[in-house]
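# Chains, contacts and geometry: an overview
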Amino acid sequence: QVQLVESGGGLVQAGGSLRLSCTASGSFFSINAMGWYRQAPGKQRELVAAIISGGSTNYGDAVKGRFTISRDNAKNTVYLQMNSLKPEDTAVYYCAAAHTITTMPSGYWGQGTQVTVSS
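Small disclaimer: the values here were computed from a predicted structure and weren't measured.

Rules used throughout
Residues numbered from 1 in each chain as written. Predicted model: local features only at pLDDT ≥ 70, side-chain atom pairs only at ≥ 80, totals over all residues. Heavy atoms only, no water. Buried < 20%, exposed > 50% of the residue type's maximum accessible area, 1.4 Å probe, protein only. Helix = DSSP H or I, 4+ residues; strand = E, 2+ residues; numbered from the N terminus. Pairing = 2+ DSSP bridges.

Side-chain alternation along strand β11 (residues 113-118) places T113, V115 and V117 on a buried face and Q114, T116 and S118 on a face that remains uncovered. Two elements, strand β2 (residues 10-13) and β11, share four bridges in a ladder whose sense is parallel. Opposite V12, over in β11, you have V117 as the bridge partner. Inspection of the sheet shows strand β9 (residues 91-98) paired to β11 by three bridges, in the antiparallel sense. Across the sheet, the residue bridging to V92 is Q114, located in β11.

Next comes the structure, spelled out in structure tokens:
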């Protein structure tokens, strides 16, 4: 089992920045991919960013150029630096982990952290 604990959400004005953190614990020897999804009210869950152990990254089109995902393997922690935030970035952000990026939706999930961007 893998436990994921997120932190760093909050309220920020448009144009501002936030950094989310997600720390994994437990038996994560099979975990190579970690990342972030988000879900806004009335909308489908969408991939924000993902990173694999080797450092390769994937980003959702809506956040490319504004968000950066990074990973500290020694701390079992993944970070999401969010810059130039927009009101449409408002959502609950979930950390996810799995063997591959493709299998993240059916992998392990954190409890979510709220990000609210005011206009």
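Now that the structure is up, let's keep going.
Time to look at the pairing of strand β8 (residues 77-82). Across the six residues of β8, five count as buried, placing the element largely inside the fold. One ladder, built from six bridges, connects strand β3 (residues 18-26) with β8; its direction is antiparallel. From the neighbouring strand, C22 faces β8, where its bridge partner is V78. Sheet topology places strand β7 (residues 67-72) next to β8; six bridges connect them, and they run antiparallel. What sits directly across from R71, in β8, is V78. Hairpin connection between β7 and β8: a loop of four residues separates the two successive antiparallel strands, and N76 in this loop has a positive phi of roughly 50°.

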